[in-house]
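Below, each chain spelled out in residue letters.
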Amino acid sequence: MNGVMHTLDVHSAPPSSILALDHIRGVLQRLEDTIVFQLIERAQFARNPRCYLPGAFAELKQRENWSGSWIQWFLKETETTHAKLRRFEAPDEYPFTSPELLPKPVLEPVTYPKLLWPHKVNVNDKILQFYIDDIVPTITRNLGEDGDDGHYGSSAIRDCEVLSAMSRRIHFGMFVAESKFRSEPASFIPHIRSRNRDELANLITKPAVEAALLVRLGKKAEVYGQDMNRPGATDEEREKERKIEVEAVVRIYKNFVIPLTRDVEVDYLLTRLDGVSDDEVKTMLETNRYPETD
Ligand SMILES: C=C(O[C@@H]1C=C(C(=O)O)C=C[C@H]1O)C(=O)O
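Predicted model only: the values in this text are computed from it and were never measured.

Engineer: I keep staring at the nonpolar core and nothing clicks. Help me out?
Structural biologist: Nonpolar side chains tend to gather and get buried jointly when the protein is soluble and globular. By size, the foremost hydrophobic cluster in this structure holds 80 residues, and its most contacted members are I127, M166, I170 and F181. Examining the composition of this core, we find that 14 residues originate from one element, helix α12 (residues 246-270), more than from any other. Apart from residues no more than four positions distant in its own chain, I127 is found in contact with F96, L163, M166, S167, I170, H171, F256 and L260.

So, in structure tokens, the structure goes:
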């Protein structure tokens, strides 16, 4: 069964098919499933506010010389291992940890096709802050300011899963932007040159796609979030055992995931002509075609 991959099939498909907008949107749709399921997994634990406060665990300072928060330490530890496996060489993977704290891969570099233009876009700081300030309080039960369930490892593992999936989804906006740029470069070039964020945002925004996404996402949250393990339960009983609120999931996408994805698209487009020769730009302007290389 060849369901839509939720990773980039960069090793066996040419850039032109990888960057086909339908293919990219298919990956985004599959990431909806991952994100909803990972949010449900995190929601089974208490808020555990200490995990997000820098310095809240004295042991981290004493034994790890780490003065940041538990979650940032756990992200560093996790991403350290993943960096050794070349995870962050992939064009669709961006670390939360500062690159200077991450080791080099232990394996030889992977040769990826030239899909994205060189860029420095990374919005994980915004993702982490919103996750701590808004998402965790929304999806977890509050056991009071100091109340927690003590499951610091289990909840941190789920935090990492949600954050990684959300980061992949939002940074995938760069593949969307590259695809849109290649399909009509002449539309984008004047606004990239004039640094016009609003006009670039107007070009990349597709309200119908967003509206359909939110309806689809609500249905997924409705089904995935209900308690299916109560045969014979009434709808009312199932609702009492709901694992995650549908409107919470929809709101997270509507108010954060989609807007930040759009911002990432614009951030990426603003650097898209860096290093492109005047002749190449002139040709793209005249032909409105991107010089496909594969
Ligand atoms: C991702 C795209 O670009 C924009 C962002 C979207 C999103 O974050 O879901 C959806 C449509 C567009 O407004 C796209 O066109 O598919």
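Engineer: Explanation requested: the pattern of salt bridges in the structure shown.
Structural biologist: Pairs can form between side chains of opposite charge whenever their charged atoms are close. A full pass over the atoms with the stated rule returns 18 salt bridges. Put simply, D33 and R30 hold a salt bridge, and the shortest N to O gap is 3.9 Å. Of this pair, D33 and R30 both sit in helix α2 (residues 21-43), three residues apart, which is roughly one turn of the helix. For R30, a relative accessible area of 30% corresponds to the partly exposed category. When salt bridges that share partners are traced, they join R30, E32, D33, R216 and K220 into one network.

Engineer: Please explain the site of the ligand as it appears in this structure.
Structural biologist: Neighbouring residues of the ligand: 15 residues in total, closest R25, R169, K180, E210 and E265. Within the side chain of K180, an N or O atom sits 2.7 Å from an oxygen atom of the ligand. E210 is positioned such that a nitrogen or oxygen atom in its side chain is 2.5 Å from an oxygen atom of the ligand. The protein chains hide 99% of the 360 Å² of surface that the ligand would expose on its own. Taken together, the elements giving at least two residues each to the shell around the ligand come down to α2, α7 (173-183), α10 (207-224) and α12. Among the elements that make up the shell around the ligand, the one with the highest residue count is α12 (four residues). Across the shell around the ligand, the residue classes break down as six nonpolar, two polar and seven charged.

Engineer: Would you explain the packing of aromatic side chains in this entry?
Structural biologist: The geometry of an aromatic ring pair is captured by two quantities: the separation of the ring centres and the angle between the planes. Enumeration over the complete set of coordinates arrives at eight aromatic pairs. When the ring of F37 is compared with that of Y224, the centres are 4.4 Å apart and the planes differ by 20°; the resulting orientation is stacked. In this pair, F37 sits in helix α2 while Y224 sits in helix α10, placing the two residues 187 residues apart along the sequence. F37 gets classed as partly exposed once you look at its relative accessible area, which sits at 40%. Between F57 and Y152, the aromatic rings sit 5.0 Å apart at their centres with planes inclined by 75°, giving edge-to-face as the arrangement. Of this pair, F57 sits in the loop between α2 and α3 (58-64) while Y152 sits in helix α6 (residues 152-171); the two residues are 95 residues apart in sequence, bridging distant segments of the chain. With respect to class, F57 is no different from Y152; both count as buried. One aromatic cluster is present, formed by F57, W70, W73 and Y152 through successive ring pairs. The ring of F57 carries R50 above its face, with NZ or CZ at 4.2 Å from the centroid. The lysine or arginine in question, K114, covers the ring of W117, its NZ or CZ lying 4.8 Å from the ring centre.

Engineer: Honestly, the side chain of E178 in this entry has me stumped. Any pointers?
Structural biologist: Mapped onto the elements of the fold, E178 is located in helix α7. The contacts of E178, once residues within four sequence positions are left out, are L19, L115, L116, W117, Y268, R272 and Y290.

Engineer: Help me understand the UniProt feature "domain: Chorismate mutase" (unreviewed entry) in the chain in this model?
Structural biologist: Under the UniProt annotation, "domain: Chorismate mutase" (unreviewed entry) lies at residues 158-265. Secondary structure content for residues 158-265 is 80% helix and 0% strand, while the C-alpha to C-alpha distance between its ends is 27 Å.

Engineer: Sorry, what's going on with the environment of Q226 here?
Structural biologist: Within the secondary structure, Q226 is located in the loop between α10 and α11 (235-240). For the pair Q226 and E241, spaced 15 residues apart in sequence, the C-alpha separation works out to 7.0 Å. In this structure, Q226 is in contact with R238, R242 and K243, ignoring residues within four places of it in sequence.

Engineer: It is not clear to me how the side chain of S155 should be interpreted in this structure. Could you clarify?
Structural biologist: Mapped onto the elements, S155 comes out in helix α6. Overall, S155 belongs to the buried group, its relative accessible area being 0%. Of note is the side chain of S155, whose polar atom sits 2.8 Å from the backbone oxygen of H151. Those residues in contact with S155 that sit more than four places away from it in its chain are R42, F45, N48 and C51.

Engineer: Explanation requested: unusual backbone geometry in the structure shown.
Structural biologist: Excluding glycine, residues mostly carry a negative phi; peptide bonds, for their part, are mostly trans. Its identity is not glycine, yet N48 carries a phi of approximately 50°, on the positive side. By the element assignment, N48 lies in the loop between α2 and α3. Residue classification places N48 among the buried positions, given a relative accessible area of 0%. The backbone phi angle of N65 is positive, close to 50°, even though this residue is not glycine. Here N65 lies in the loop between α3 and α4 (70-84). When its relative accessible area of 59% is taken as the criterion, N65 is described as exposed.

What counts, and where the lines are drawn
Residues numbered from 1 in each chain as written. Predicted model: local features only at pLDDT ≥ 70, side-chain atom pairs only at ≥ 80, totals over all residues. Heavy atoms only, no water. Core = buried A, V, L, I, M, F, W, Y, C linked by side-chain atoms within 4.5 Å. Buried < 20%, exposed > 50% of the residue type's maximum accessible area, 1.4 Å probe, protein only. Helix = DSSP H or I, 4+ residues; strand = E, 2+ residues; numbered from the N terminus. Contact = heavy atoms within 4.5 Å. Salt bridge = Lys/Arg side-chain N within 4 Å of Asp/Glu carboxyl O. Near = heavy atom within 4 Å. Polar contact = N/O pair within 3.5 Å; in protein donor to acceptor, adjacent residues only side chain to side chain. Areas by Shrake-Rupley, 256 points an atom, 1.4 Å probe, with all protein chains shown as cover. Nonpolar A, V, L, I, M, F, W, Y, C, P; charged D, E, K, R; others polar. Phe/Tyr/Trp six-rings, centres within 6.5 Å; stacked < 30°, edge-to-face > 60°. Lys NZ or Arg CZ within 6 Å of the ring centre and 35° of its normal. UniProt positions renumbered as here; feature names shortened; annotations may be inferred.

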